[in-house]
Amino acid sequence: MTSGEFVSNCTADALSSAAQLLKAGGLVALPTETVYGLGADATNKDAVSRIYKVKGRPADHPLIVHIHSMQSLGEWADEIPSYAISLARDFWPGPMTLVLKRSMLAEDFVTGGQPTVGLRVPDHVVALALLSAFENIGGKGIAAPSANRFGHVSPTTAHAVQDELGDFLDATDLILDGGPSSVGVESTIIDCTGELPHILRPGAITTAMITGSTGLIVSEEKSTIRVSGSLENHYAPEAKVYLDQIPNVGDGFIALEEIATPRGVIRLASPKDNDEFARVLYSALRSADTQKLSRITILQPLGDGIAIAIRDRLERASHGR
Ligand code: TXA
Ligand code: MG
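Residues numbered from 1 in each chain as written. Chains lettered and ligands numbered in written order. Predicted model: local features only at pLDDT ≥ 70, side-chain atom pairs only at ≥ 80, totals over all residues. Heavy atoms only, no water.

A. Examining the overall build of the protein more closely. Along the backbone of the protein there are 10 helices and 15 strands. At 19 Å, the protein has a C-alpha radius of gyration in line with the 20 Å of a compact globule built from 321 residues. Seen through its principal axes, the protein has C-alpha atoms that stretch 60 × 50 × 30 Å. Each of the 321 residues in the protein was classed as buried or not, and the buried ones make up 56%. (Helix = DSSP H or I, 4+ residues; strand = E, 2+ residues; numbered from the N terminus. Rg over C-alpha atoms; globule rule 2.2 N^0.38 Å. Buried < 20%, exposed > 50% of the residue type's maximum accessible area, 1.4 Å probe, protein only.)

B. The arrangement of the packing of aromatic side chains in detail. Summed over all chains, the structure comprises zero aromatic pairs. Here the basic side chain of Arg149 rests over the ring of Phe168, its NZ or CZ set 3.8 Å away from the ring centre. A cation sits over an aromatic face here: Arg295 above Tyr242, 4.0 Å from the ring centre. (Phe/Tyr/Trp six-rings, centres within 6.5 Å; stacked < 30°, edge-to-face > 60°. Lys NZ or Arg CZ within 6 Å of the ring centre and 35° of its normal.)

C. Quick peek at the pattern of salt bridges. According to the stated counting rule, one finds 12 salt bridges in the structure shown. The closest approach of N and O atoms between Asp108 and Arg102, which form a salt bridge, is 2.8 Å. You can call Asp108 partly exposed: its relative accessible area is 47%. Judged by its relative accessible area of 21%, Arg102 is partly exposed. Of the charged contacts, one joins Arg313 and Asp312 as a salt bridge, the two residues approaching to 2.8 Å between their closest N and O atoms. Judged by relative accessible area, Asp312 falls into the buried class, the value being 14%. A single network of salt bridges, built from pairs that share partners, joins Glu186, Asp312, Arg313 and Arg316. (Salt bridge = Lys/Arg side-chain N within 4 Å of Asp/Glu carboxyl O.)

D. Representation of the domain arrangement of the protein within the structure. In terms of domains, the protein is made up of domain 1 (5–214) and domain 2 (240–317). Inter-centroid distance (C-alpha atoms) of domain 1 to domain 2 is 27 Å. Ranking the residues of domain 1 by area buried against domain 2 places Val153, Val185 and Pro202 at the top, with a combined share of 40%. Between the two partners, domain 1 and domain 2, sit two salt bridges. Arg286 is the partner of Glu164 in a salt bridge, and the nearest nitrogen-oxygen pair spans 3.3 Å. If you look at where domain 1 meets domain 2, you find six residue pairs in polar contact (both at pLDDT 80 or more). Looking at the side of domain 1 that touches domain 2 residue by residue, the classes come out as eight nonpolar, nine polar and three charged. (Domains from an automatic or database assignment. Buried area = accessible area lost by both parts, 1.4 Å probe. Polar contact = N/O pair within 3.5 Å; in protein donor to acceptor, adjacent residues only side chain to side chain. Nonpolar A, V, L, I, M, F, W, Y, C, P; charged D, E, K, R; others polar.)

E. Highlighting the layout of surface pockets. The space that makes up the second largest pocket amounts to roughly 360 Å³. Asp163, Glu164, Arg286, Asp289 and Thr290 are the residues nearest the centre of the second largest pocket, which is lined by 17 residues in total. Those elements that place two or more of their residues in the lining of the second largest pocket are helix 7 (158–165) and helix 9 (274–290). Looking at the lining of the second largest pocket, the element that brings in the most residues is helix 9, giving four residues. Across the lining of the second largest pocket, the residue classes tally to five nonpolar, five polar and seven charged. Both domain 1 (5–214) and domain 2 (240–317) contribute no fewer than three residues apiece to the lining of the second largest pocket. (1 Å grid on protein atoms, 1.4 Å probe; cavity = no way out; pocket = protein on both sides within 12 Å on 5 of 7 lines; lining within 4 Å. Points joined across faces, edges and corners; volume = space filled by probe spheres on them.)

F. Geometry of the sheet that holds strand 14 (residues 266–269). Strand order in the open sheet made by the four strands is 12-15-13-14, with parallel pairing throughout. Since the sheet does not close on itself, it has two edges, and those belong to strand 12 (240–243) and strand 14, each with one partner. Between one strand axis and the next, the sheet turns through 30° on average, direction left out of account. Pairing geometry for strand 12 and strand 15 (residues 295–298), over four bridges, is parallel. Counted as the bridge partner of Lys240 is Arg295 from strand 15. (Pairing = 2+ DSSP bridges. Axes fitted to C-alpha atoms, helices over the stretch in contact; angles between N-to-C directions.)

G. Geometry of helix 4 (residues 82–91). Taken together, the buried positions of helix 4 are occupied by Tyr83, Ala84, Ser86, Leu87, Ala88 and Phe91. Looking at the packing, one finds that the buried side of helix 4 touches helix 3 (73–76), strand 6 (96–102), strand 10 (188–191) and helix 8 (207–214). (Contact = heavy atoms within 4.5 Å.)

As structure tokens, this is what we get:
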């Protein structure tokens, strides 16, 4: 077995070596506020193709390019509408990915052959310091999908990354430990190629926030853009996930703190509110697999805001069960 070196002390020196490793074509798993990403130099075809190999992900699924600030937006994207500038100004760094018409820099190997590119400035000190160190040595952006095997639950800790990908990384690759992700579900993806913004994947940046920033109605029309995270059978643990049902004895159980634990179940999480629900959900799903549970029953949070993103992921994790 080979596995990426685990770096739990992300000093300036460690980050500058990580940036150099990226520049040399290596992979660096990095913390973000949403989930951990598996990063490579977004302009290096061989490095990016290793991401697909390590994840076991089909090559036509586009990757998000992470940049240090909105100043690099124009390098990666063309014909940026003014509403996208408002969104970037209001929510970056943050849990939001903008899909824009790509520039020449965004090649087919990173966009999955699509004419658009997904861009995000993450809100995490380690990610931002790595991006800054990378740009200082001529890097343009870090392509990073969630650092899990294709279709699995995204990792929200460095240890979860090692569990997922340790067997597939090289000894020279790195896993940076930046603590548990503070948001816990993946970024809101907004298609900015039309007249109106359109949500491709819900997240912590909500429809109301987008309208508040842009003054525009968020388009609900069906999009033709392909989003792998919108496939059914995604975000799934090994255990079977059941939603809003009476649990069986022996099930793992996840619900808000105010809901009492039914007799005979194994309580995996008791979040106080919806934000905490998002933050702990993926580690709770993982703990069910560690404990080799065969079923997890989850009572979903109601309402909008981040609850919409939680229900979106759970619907897929449960395949509609
Ligand atoms: O929070 C996040 O977005 C995390 C962290 C690491 O930044 N990343 C993440 O990446 O969730 P990934 O690859 O697991 O999911 C990104 C989704 C994929 O479903 C991909 O299809 C979609 O973004 N995507 C990327 N570029 C796109 C594009 N140009 N057009 C449409 N969808 C795109
Ligand atoms: Mg993913």
